[in-house]
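Survey of secondary and tertiary structure
So the chains spell out like this:
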Amino acid sequence: MPFLTTNSAALLMRLAGLGACLAVLAGIEMYEHSSSVRGDGWLQKQEESLSIPDPSNFSFAVFGDSKRNFACLSTILRAVDRDPEMAFAIHTGDLVGDGNRGEFRVFMECLTMDFHKPFFTVPGNHDIAGLGRESYGDFFGPRHYAFEVAGTRFVVLDTSQESALDGTQFQWLEEELSQREAASRTLVFMHRPPYDPRANDRPSLPPEEAERLASLFRKHQVSHVFPSHLHAFFEGTWQGVPYTISGGAGARLHGTDAKHFFFHYLKVNVNDRGVHVQCVPVSLSTGRRALLEVWCFVRREGIEAILYGAIACLSVQLAWSQRVLRRMLVGCQPRFVTDRLSRRLA
């Protein structure tokens, strides 16, 4: 019987451990979905921290579709941060792989460590997935907005949904673009492009919405449009309006043509002669990428992974302990009780 008591105590301890792991895991999930975040007033802080030494000649970075490849994102952030000519950066959407707060927190930690300039964002379809609409708003604020830098109007659109712009946002866009007289030029940033250059400019938004946007850009003489969404690099014109698609900040590339499908970011220079776009390829060392991916996995899912492993281990031990305990109980009973007990425990 002492052996039986010892096994019972071990069983209870494993049950308690399993319950504790489940409680902590549930607590983490509740924390991720309901806790406050550090992005309060993000947009206002970025605008206030803008500093342009020469308004007649300034540069900034544009890139999109980093998703979970924080190694590539970190490489781009460091390169832009170290370039004294670039005053700020704009991420054109799909900052994370899905909309959970855990990934947004890792993104913010990566940004805090590797970047020390103003940083503006555009919502992507992966950013608003699940509960991402709320998470994105908590971290970065409004999904469409505009600001001005040295006489150039920057207009950020929310095309994260397949239905493109709703009536309210389209009316807002018309009003923003009609103010072009007050600015020397207008640049538009969005996630989903109106058209897909991979398919002979087939609409990637609903056809009527794509035509409506392109016509509006032409009407108000938009200087340049910067979408992403396609994990590639493309440039051209839509109804006479120049565009550059930059979706090479880390997400899995959508093709193998080396002319279009490679990791990169854009260095955009604005001066008296116009808008000039330079594509900068990004190369990642295998060692650095592996190290950063491990770090990001631990930051994003490390605690949860440990808990899931503990739960699996305890579940196996409990199943084995139950089997051993059943045999011990059967062995301790008189013969005439054994058969009945075996049938009940079976």
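Residues numbered from 1 in each chain as written. Predicted model: local features only at pLDDT ≥ 70, side-chain atom pairs only at ≥ 80, totals over all residues. Heavy atoms only, no water.

1. Re the overall build of the protein chain
Secondary structure summary: the protein chain contains 9 helices and 13 strands in total. For the protein chain, the proportion of its 346 residues judged to be buried stands at 49%. Taking as baseline every contact in the protein chain between residues at least 6 positions apart, the subset at least 24 positions apart corresponds to 73%. (Helix = DSSP H or I, 4+ residues; strand = E, 2+ residues; numbered from the N terminus. Buried < 20%, exposed > 50% of the residue type's maximum accessible area, 1.4 Å probe, protein only. Contact = heavy atoms within 4.5 Å.)

2. With respect to the environment of valine 149
Mapped onto the elements of the fold, valine 149 is located in strand β4 (residues 145-149). When its relative accessible area of 2% is taken as the criterion, valine 149 is described as buried. When the C-alpha atoms of valine 149 and alanine 183 are compared, they prove to be 9.4 Å apart, with 34 residues separating the residues in sequence. With residues up to four places along the chain from it excluded, the contact list for valine 149 reads Leu50, Ile52, Phe58, Phe88 and Phe154.

3. What to know about the packing of aromatic side chains
Following the criterion strictly, the structure yields 24 aromatic pairs and no others. Where phenylalanine 107 meets phenylalanine 140, the ring centres are 6.2 Å apart and the plane angle is 85°; that geometry is what we call edge-to-face. On the criterion of sequence distance, the pair formed by phenylalanine 107 in helix α4 (residues 101-114) and phenylalanine 140 in helix α5 (residues 132-140) is long-range, its members being 33 residues apart. Each member of the pair, phenylalanine 107 together with phenylalanine 140, is buried. Grouped by ring-pair contacts, the aromatic residues Trp42, Phe63, Phe104, Phe107, Phe115, Phe119, Tyr136, Phe139 and Phe140 constitute a single cluster. Positioned above the aromatic ring of phenylalanine 170 is the side chain of arginine 212, whose terminal nitrogen or guanidinium carbon lies 3.5 Å from the ring centre. (Phe/Tyr/Trp six-rings, centres within 6.5 Å; stacked < 30°, edge-to-face > 60°. Lys NZ or Arg CZ within 6 Å of the ring centre and 35° of its normal.)

4. Topic: the sheet that holds strand β13 (residues 274-281)
The 5 strands lie next to each other as β3-β2-β1-β12-β13, forming an open sheet whose pairing is mixed. Edge positions in the open sheet fall to β3 (119-121) and β13, since each of these has one partner strand only. Strand-to-strand twist across the sheet, computed as the mean angle between neighbouring axes with direction ignored, equals 25°. Two strands pair when backbone bridges link them, and strand β2 (residues 86-91) and β3 are joined in this way by 3 bridges, in the parallel orientation. (Pairing = 2+ DSSP bridges. Axes fitted to C-alpha atoms, helices over the stretch in contact; angles between N-to-C directions.)

5. Details of the side chain of histidine 220
The topology assignment puts histidine 220 in the loop between α7 (207-219) and β9 (224-226). Only 3.5 Å separates the side chain of histidine 220 from the backbone oxygen of leucine 177, close enough to count as a polar contact. (Polar contact = N/O pair within 3.5 Å; in protein donor to acceptor, adjacent residues only side chain to side chain.)

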